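# Structural characterization, general
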Amino acid sequence: MKIKAQISMVMNLDKCIGCHTCSITCKNVWTNRQGAEYMYFNNVETKPGIGYPKHWENQEKWKGGWELKNGRLQLRSGNKATRLAKLFYHPDQPEMDDYYEPWTYDYETLITSQRKNHQPIARPRSLITQKRMEIKWGPNWEDDLAAGESARQDYNLQNIAEDITLEFHDLFMKYLPRTCNHCLNPACVAACPSGAIYKRDEDGVVLVSQDGCRGWRHCVPACPYKKVYFNWKTNKAEKCIFCFPRLENGLPTVCADSCVGRLRYMGVLLYDMDKVKEAASTPDKGEIYHSMLDIILNPHDPEVIAAAKDAGIPANWLEAAQNSPVYKMVKEWQVALPLHVEYRTLPMVWYVPPLSPITQRAEADVYLPAVQEMRIPLSYIAELFAAGNVGVVEKVLQRLLDMRMVMRTQETGEKLSRKLEYELETYQAMYRLMGIAKYKDRFNIPAGLTGESQDKLRELQGSCGYNCPGGC
Ligand code: SF4
Ligand code: SF4
């Protein structure tokens, strides 16, 4: 057993309101400069939809992630020799149009205009060419299904189109915030010919060395989530850095800290590195999720604690792993799932799938629909989070529904109508963490060297997500 620590994130999708605050705060901090205008390390998509960049989930087009070839794990973009042959020309690169052409407006016209009969207009201007342009697509063009037809082209619908109609009365949508997943088996790292992308030993954050990057761009198509970007100004690859300077000081990422829905959680997971390859090579793609759970270790197990100490994991990291909100949701309660686990990169950003709006019928005081009656089709959620394994999604949603049932019956005094999988206290704990958790419960990040910064942070933070003057 080779124990490693990983900083990981969970997003509770039922609480995302699609406000894009996370994308904007991230943009202002990390990609607000020339060459990076089109980049969103964090973006929020409306699903169904084709996303950003367009059709990123179609690996037949991009050849991202890993596949099993004769039982062996291999990058979809080919073996070493094939990739070497593509060194100077890689045909599967996304182009600017696959993202969008970034623009600004002629604000100057508004400010400097003379008094006229008609109001002046600020026309759009390309941030790349500086020329006037017509806006045809943007990073959230499909917001709230606004792009209409593109929803039908969602790659996840191709196998289940017959079960799903996108007619008005059956319409459904959900938001999907996305960042780099800081995967345990990152395809971007494996594809880089210069060895410039690496996974940090101490916390699993995946970074691009700006000194080492030679601009080969093999990482861009290799990442199946399309979360490595090419900076046209510096000729280097860039990606989400999980706000590592903040992590080192015990602070969550900017996207998590600023999240209006308070749906993001961050904490430590311990995993067995010796079993990563085996988990990623699970023959049945619908079972990869279970293999991932198997490599995540119980931080309360004395054997794991001893091995972690031997591996040099600091005491405050071990303690953080034991109190990790991520561990609770991912492994203990099993209510969070990885996005597109079939890409075999073993992503470390997890999602609590959405239950859809819960209806309350007039004829009954306590009414919750069955999991199968939910508005968002189970098969669709399964395509996103369980490689099509509907059984996995059904179980997760049932746990979430049971949590709501427990809390409702507690209010009304009604008897529970079905046998529960977990103890009553577990559902109450789930509700406290997933429904009403305070800042210090949502984020448990050990500071780089000592626990001091973390204690200081808790002292400062109070109960809301903001530590600015006026925060509560
Ligand atoms: S999600 Fe991040 S770590 Fe995973 S392959 Fe893509 S860029 Fe690499
Ligand atoms: S800030 Fe939070 S609620 Fe708003 S879009 Fe981002 S993840 Fe969703």
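Let me begin by describing the structure that accompanies this report. All figures in this text were calculated on a predicted structure; none of them were measured in a lab.

Definitions and limits used
- Residues numbered from 1 in each chain as written.
- Chains lettered and ligands numbered in written order.
- Predicted model: local features only at pLDDT ≥ 70, side-chain atom pairs only at ≥ 80, totals over all residues.
- Heavy atoms only, no water.
- Axes fitted to C-alpha atoms, helices over the stretch in contact; angles between N-to-C directions.
- Helix = DSSP H or I, 4+ residues; strand = E, 2+ residues; numbered from the N terminus.
- Parallel < 35°, antiparallel > 145°, perpendicular 65-115°, else oblique.
- Contact = heavy atoms within 4.5 Å.
- Nonpolar A, V, L, I, M, F, W, Y, C, P; charged D, E, K, R; others polar.
- Buried < 20%, exposed > 50% of the residue type's maximum accessible area, 1.4 Å probe, protein only.
- Pairing = 2+ DSSP bridges.
- Core = buried A, V, L, I, M, F, W, Y, C linked by side-chain atoms within 4.5 Å.
- Near = heavy atom within 4 Å.
- Expected span 1.5 Å × (residues − 1).
- Arc of directions from axis to C-beta.

Next up on the list: the packing of helix H15 (residues 378-385) against helix H16 (residues 390-412). Where H15 meets H16, the axes come as close as 8 Å, and the angle between the chain directions of the two elements is 105°. Considering the angle they form, H15 stands roughly perpendicular to H16. Contact residues: Leu 378, Ser 379, Ile 381 and Ala 382 in H15; Val 390, Val 393, Glu 394 and Leu 397 in H16. Classifying every residue of the contact of H15 with H16 gives six nonpolar, one polar and one charged.

The next thing to look at is the pairing of strand S14 (residues 349-352). In summary, the side chains of a regular strand alternate between the two faces of the sheet. Of the two faces of S14, the one lined by Val 349 and Tyr 351 and the one lined by Trp 350 and Val 352 are each fully buried. Judged from the two bridges that link them, strand S13 (residues 337-338) and S14 form a sheet pairing that is antiparallel. Pairing of Pro 338 across the sheet is with Trp 350, part of S14.

With 136 residues, the main nonpolar core has Leu 270, Met 329 and Trp 350 as its most contacted residues. If one sorts the elements of this core by residue count, H16 sits on top with nine residues. Excluding residues that lie within four positions of it along the chain, Trp 350 makes contacts with Ser 8, Met 9, Val 10, Met 11, Leu 269, Tyr 289, Met 292, Ile 296, Val 330, Ala 336, Leu 337 and Pro 338.

Okay, the site of ligand 2 next. Taken together, 14 residues are adjacent to ligand 2, and Cys 16, Cys 19, His 20, Cys 22 and Cys 259 come closest. Looking at side-chain class alone, the shell around ligand 2 contains nine nonpolar, four polar and one charged residues.

Here the focus is the site of ligand 1. What surrounds ligand 1 is the set Cys 180, Asn 181, His 182, Cys 183, Pro 186, Ala 187, Cys 188, Val 206, Cys 223, Tyr 225, Val 228 and Lys 239. Split by residue class, the shell around ligand 1 holds nine nonpolar, two polar and one charged.

Turning our attention to unusual backbone geometry. The step from Lys 47 to Pro 48 runs through a cis peptide bond, and the omega angle for that step is 0°. Examined against the element boundaries, Pro 48 turns out to sit in the loop between strand S2 (43-47) and helix H2 (59-62). Put simply, Tyr 52 and Pro 53 share a cis peptide bond, and its omega is -10°. Examined against the element boundaries, Pro 53 turns out to sit in the loop between S2 and H2. The backbone of His 182 shows a phi angle near 45°, a positive value even though the residue is not glycine. Following the sequence through the fold, His 182 ends up in the loop between strand S7 (174-178) and helix H6 (187-191). Although it is not a glycine, Ala 387 adopts a positive phi angle of roughly 50°. For Ala 387, the position within the fold is in the loop between H15 and H16.

Attention now moves to helix H17 (residues 424-435). Between its first and last C-alpha atoms H17 spans 16 Å; for twelve residues at 1.5 Å apiece the expected length is 16 Å, and the two agree. All buried positions along H17 are accounted for by Tyr 427, Met 430, Leu 433 and Met 434. The buried residues of H17 occupy an angular sector of 130° when the element is viewed end-on, so they sit on one face. Contact partners of the buried residues in H17: strand S1 (3-12), strand S12 (264-272), helix H14 (325-332), S14, H16 and helix H18 (439-442).

Taken N-terminus to C-terminus, the directions of H16 and H17 make an angle of 100°; their axes are 9 Å apart at the nearest point. By the angle between their axes, H16 is roughly perpendicular relative to H17. Together, Arg 399, Leu 400, Asp 402, Met 403, Val 406, Met 407 and Gln 410 of H16 and Leu 424, Tyr 427, Gln 428, Met 430, Tyr 431 and Met 434 of H17 make up the contact between the two elements. In terms of residue class, the contact of H16 with H17 is made up of nine nonpolar, two polar and two charged.

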